[in-house]
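Observations on the three-dimensional arrangement
So the chains spell out like this:
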Amino acid sequence: MMLAAILLSVAMLLERSDDISDPLAKALHDANAQTRSAAARVIAVRNVEQLLPELHEVLRNEHDRAAAREEIRAIGVMSGASELDFLLEQSKRFQPSFEGEAIMAVARVDGPAAIDAYIDAVRRGNAKWSVLTLALWGRPALVTPTAARILGTHDGTAWSSLIDALNGSSTFLNPSLALLGFNSSSDVIAEKTAFYLARVFIRHPAVDPAPFLAALDEERSTASPSLMIAREVLARALGRVPREREATTKWLRSNGENNFPYDLRPLLTRSEEIAFEPELPPQPPRAQTVSETPFDLAVDLPPGMAGTVMRETSCGREGWIGLAAVTVDDRGRVTTVDVSHVTATSMCKRALKVLLYASLAENHHVTAARHTDQLLLVHSERAPLCMDEPLDGVPGVREAGGPVAMPKTDRQPLPRYPGGPAARSPAFVHVEARVSRNGCVASMRLLEQSPLSQFNTSSLLAMSAWTFEHPSSDVIFELPIYFRVR
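An account of the accompanying structure is given in this report. Small disclaimer: the values here were computed from a predicted structure and weren't measured.

Looking at the overall build of the protein
Assigned secondary structure in the protein consists of 20 helices and 13 strands. The C-alpha atoms of the protein give 23 Å as radius of gyration, which agrees with the globular expectation for 486 residues (23 Å, within 12%). Counting all 486 residues of the protein, 57% fall into the buried class. Residue pairs in contact within the protein that sit at least 24 positions apart in sequence constitute 74% of those at least 6 positions apart. As presented, the protein carries roughly 20800 Å² of accessible surface, and 51% of it is formed by carbon and sulfur atoms. Between the averaged position of the 50 positive side-chain charges in the protein and that of its 58 negative side-chain charges there is a distance of 4 Å.

Here you go:
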């Protein structure tokens, strides 16, 4: 009880607008590691710079992994590249080290320095994580030089991370570099580039498609089925007549659900579509595209903070659903929060607001906005509270597909068919979910929604209770949900 009260008091400092340095300094030297972790996070998000010397002192003597991670992150977010050497030195005291977390924290402040450190780690074969989405946020001028350097490493994972940072953005890959990526001897790089170019060209027709069509005419006899279909999809995006192949149709039937980009499905033929999703109804119900959410929040909070805040504010195991309006600064720290449109008790709204202020935003792409009024907050009653940052695993987020496998479900409650007039209607809902290293759903967003809101609510509440085998890193995947009248 004493620990919970102290943790709550530290988190609730985020509700205050006066000087909170004295209670934070005391909490930073507390004997309990969870209290030190929470204090370091509050110092970072409230930018309490006068406590930086004490953070250095505490980190030098820290022996708890979770607390050290938060202290490293706090110093990096407030100080940037000037502290990177110190943070890397301190991170090596723990195994595995917190090199990735240190560079990610610096990426919020000094993108070029973080990219330098990341590429150095890639060349050393030590980068199981990526900082590129964070490091490039709001810095589109860095995309071309970064892409050139990553191609020089021939590292498929790093290239995939760069493409993930570009997908959905208004910044495009340099055509010459895109052609190099497409012609790469690495199937991973070539496939990722082909799918990326297909996305670009179906929205923005190529000014000069000739170089890409010529590259498509050069056969790759050893190409994997997934690369073959990526090349074929690109050809269709450039206007060529579809060519079906038995090998790619077979691949779609066995692997497409986990690896084929759902947003490129309109480029599939009808037979390929059926192979991709055999249960697809003849005419999928009409759906509405949902505006994009630019960033995630309320994920990867210091261990114990979210559970304590929810429990001690009497939010308990209640549920909530709705859209919050949030603004973040150029380091991803929350500056304004409005949860008035979230359906929840007043105590849960208070708790959610505090936890959003404790969060550090993680953007979806390079040109993501820093304000949204579409941040989806959803949690079904008695579902796991999926906000604590796991101690183990690889930091960062990866998209399911290619070498990143879709995590296997442990628990998968199905959406309930709504009652009333909606019970006689088919519906389609398309959801994107982020599975944390804890094996639970950390965040969701609607990509396409039913005009009947009951279906959207049912889908989201059901998916919020899904649990998975613990992946090695956070994984994003897309799920189409069809409601059929029986």
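Looking at the packing of helix α5 (residues 65-79) against helix α6 (residues 84-91)
Where α5 meets α6, the closest approach of the two axes is 10 Å, and the angle between their N-to-C directions is 170°. Considering their axes alone, α5 and α6 lie roughly antiparallel with respect to each other. The segment α5 lies against α6, with I72, I75 and G76 engaging F86, L87 and S91. Of the residues assigned to the contact of α5 with α6, the class counts are four nonpolar, two polar and no charged.

As for the sheet that holds strand β10 (residues 427-435)
Spatially, the five strands line up as an open sheet ordered β1-β11-β10-β13-β8, and their pairing is mixed. In this open sheet, the two edge strands, each paired with only one partner strand, are β1 (288-289) and β8 (394-399). Relative to strand β13 (residues 473-483), β10 runs antiparallel, the two sharing nine bridges. Counterpart to E432 in the pairing with β13 is E478.

Re the state of the cysteines
Two cysteines form a disulfide when their sulfur atoms are joined by a covalent bond. All chains considered together, the criterion is met by two disulfides. Disulfide partner of C315: C348, at an S-S distance of 1.9 Å. Of note, the bridge from C315 to C348 carries an S-S torsion of about 95° and is right-handed in sense. Taken together, the positions of C315 in the loop between α18 (305-312) and β3 (320-328) and C348 in helix α19 (residues 346-357) put the pair 33 residues apart, joining distant regions of the chain. Each of the two residues, C315 as well as C348, counts as buried. Two residues share a disulfide in this structure: C386 and C440, whose sulfurs sit 2.0 Å from each other. Linking C386 and C440, the disulfide has an S-S dihedral of approximately 85° and is accordingly described as right-handed.

Here we look at the side chain of R108
Examined against the element boundaries, R108 turns out to sit in the loop between α7 (99-107) and α8 (111-123). Buried within the structure, R108 lacks any salt-bridge partner; E362 is the closest side chain of opposite charge, at an N-O distance of 4.9 Å. Non-local contacts of R108, meaning those with residues more than four positions away in its chain, are made with V77, L134, R139, D330, R331, G332, L360, A361 and E362.

Overview of the side chain of D164
Along the polypeptide, D164 turns up in helix α11 (residues 156-166). Assessed through its relative accessible area of 13%, D164 is described here as buried. Within the local environment of D164, its side chain forms a polar contact with the side chain of K192, the two groups lying 2.9 Å apart. Every residue in contact with D164, bar those within four places of it in the chain, is listed here: K192, H364 and E399.

Quick look at the environment of E362
Secondary-structure assignment places E362 in strand β6 (residues 362-363). With 23 residues separating them in the primary sequence, E362 and V339 have C-alpha atoms 19 Å apart. Those residues in contact with E362 that sit more than four places away from it in its chain are R108, F295, D296, V299, D300, V397 and R434. A polar contact of 2.8 Å, which involves the side chain of E362, links it to the side chain of R434.

Focus on the pattern of salt bridges
Per the counting criterion, the structure on display carries 29 salt bridges. For R236, the salt bridge goes to E272, with nearest N and O atoms at 2.7 Å. Of this pair, R236 sits in helix α15 (residues 225-237) while E272 sits in helix α17 (residues 270-276), placing them 36 residues apart in sequence. Assessed through its relative accessible area of 9%, R236 is described here as buried. Taken together, the salt bridges that share partners define one network made up of R41, R69, E70, R73, D296, D300, E362, E389, R434, R437 and D474.

Observations concerning the nonpolar core
Judged by nonpolar contacts, the single largest core of 134 residues is most densely connected at L24, F260 and L356. For this core, the element with the highest residue contribution is helix α13 (residues 187-203), accounting for eight residues. Contact partners of F260, with chain neighbours within four places excluded, come to F195, I229, V233, W251, L252, R265, L268 and F276. Counting residues in hydrophobic clusters, the runner-up holds 21 residues, among them A427, V435, M444 and W466.

Structural notes on α5
The terminal C-alpha atoms of α5 lie 21 Å apart, and with 15 residues this matches the ideal 21 Å at 1.5 Å per residue to within 8%. Among the 15 residues in α5, 15 count as buried, and that is most of the element. At the exit of α5 stands G80, carrying a positive phi of roughly 75°.

What counts as what
- Residue numbers restart at each chain and count upward from 1, following the sequence in its written direction.
- With pLDDT at 70 or above as the cut-off, local features in this predicted model cover only qualifying residues; side-chain atom pairs require 80 or more to be listed or tallied, and sums for whole chains, interfaces and linings still use all residues.
- Side-chain figures throughout are based on the complete set of non-hydrogen atoms in the structure, without hydrogens or water.
- A helix here means a DSSP run of H or I that spans at least four residues, while a strand means a run of E at least two residues long, and both kinds are numbered starting from the N terminus.
- Using C-alpha atoms as the atom set, the radius of gyration is obtained and then compared with a globule rule of 2.2 Å times the number of residues to the power 0.38.
- Residue exposure (1.4 Å probe, protein chains only): buried if accessible area is under 20% of the type maximum, exposed if over 50%, otherwise partly exposed.
- Note on definitions: a residue-residue contact is assigned when non-hydrogen atoms from the two residues lie within 4.5 Å.
- Surface accessibility follows the Shrake-Rupley procedure with a 1.4 Å probe radius. Residue values consider only the protein chains on display as shielding.
- Under the counting rule used here, the positive set is Lys and Arg, the negative set is Asp and Glu, and His together with the chain ends is not counted.
- Working definition for charges: the position is that of NZ of Lys, CZ of Arg, CG of Asp or CD of Glu.
- The angle between two axes is taken between their N-to-C directions and runs from 0 to 180 degrees, where each axis is a line fitted to C-alpha atoms and a helix contributes only its stretch in contact.
- Comment on the angle field: the value is read as roughly parallel under 35 degrees, roughly antiparallel over 145, roughly perpendicular from 65 to 115, and oblique elsewhere.
- Amino acids are sorted into nonpolar (Ala, Val, Leu, Ile, Met, Phe, Trp, Tyr, Cys and Pro), charged (Asp, Glu, Lys and Arg) and polar (every other residue, Gly among them).
- Strands were regarded as paired on the criterion that DSSP finds at least two bridges between them.
- Throughout, disulfides are identified as pairs of cysteine sulfur atoms within 2.5 Å of each other.
- Salt bridges are identified by distance alone: a Lys or Arg side-chain nitrogen within 4 Å of an Asp or Glu carboxyl oxygen.
- Polar contact criterion, stated in full: a pair of N or O atoms within 3.5 Å, where within protein one must be able to donate a hydrogen and the other to accept it, and residues adjacent in sequence count only if both atoms are side-chain atoms.
- Residues belong to one nonpolar core when they are buried, are Ala, Val, Leu, Ile, Met, Phe, Trp, Tyr or Cys, and are joined through side-chain atoms within 4.5 Å.
- The length a helix should cover is 1.5 Å for every residue beyond the first.

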